[in-house]
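Single-letter residue listing:
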Amino acid sequence: MLNAKFESSKRTLRVQMRRNLLCTNQNDFVDSFEALWNVHCKENWSVFLLDMNYSKMVDSSGLNTLHQISEFLTQKGKRLKILISSSSIRRVFSISLFDQKVEVVMREKRRRKE
């Protein structure tokens, strides 16, 4: 479910997610996160960069999962940063004030050349 790449120069563990984060797959997401943590926890990174540019939706269960992961990372001295491109996800983060808790970067849409 998650593909990880350690970027030592940026002290970042970049993780790409290609699915929506919903109640139907949140357990798989948590299992994947725990497996990644066990593999990469000793590496010298400070930012867990979750690339959700391919995701279109996050429901309340998915949001709660992200909140728990953010809390866990903060306790370990690390921080969560999320890349998104979906306006639906942006609204969920904004309404829930989650975007004030973690850094969220909205990808700008590319303009067509005419």
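Below, the structure is looked at part by part. Computed from a predicted structure; not experimentally measured.

The subject of this paragraph is the environment of H67. Structurally, H67 can be placed in helix 2 (residues 60–75). Residues H67 and W37, 30 residues apart in the sequence, show an inter-C-alpha distance of 16 Å. Setting aside residues no more than four positions away along its own chain, H67 makes contact with F98 and K101.

Glancing now at the environment of M57. Secondary-structure assignment places M57 in the loop between strand 3 (47–52) and helix 2. Since its relative accessible area comes to 44%, M57 is described here as partly exposed. In the structure, M57 is positioned 52 residues away from K5 in sequence and 23 Å away in space, judged by C-alpha atoms.

Moving on: unusual backbone geometry. Positive phi values are uncommon outside glycine, yet R11 reaches one of about 50°. Accessibility expressed as a relative area gives 38% for R11, which makes it partly exposed. At L97, a position not held by glycine, the phi torsion is positive, near 65°. Along the polypeptide, L97 turns up in the loop between helix 3 (87–95) and strand 5 (103–106).

About the criteria used
Residues numbered from 1 in each chain as written. Predicted model: local features only at pLDDT ≥ 70, side-chain atom pairs only at ≥ 80, totals over all residues. Heavy atoms only, no water. Helix = DSSP H or I, 4+ residues; strand = E, 2+ residues; numbered from the N terminus. Contact = heavy atoms within 4.5 Å. Buried < 20%, exposed > 50% of the residue type's maximum accessible area, 1.4 Å probe, protein only.

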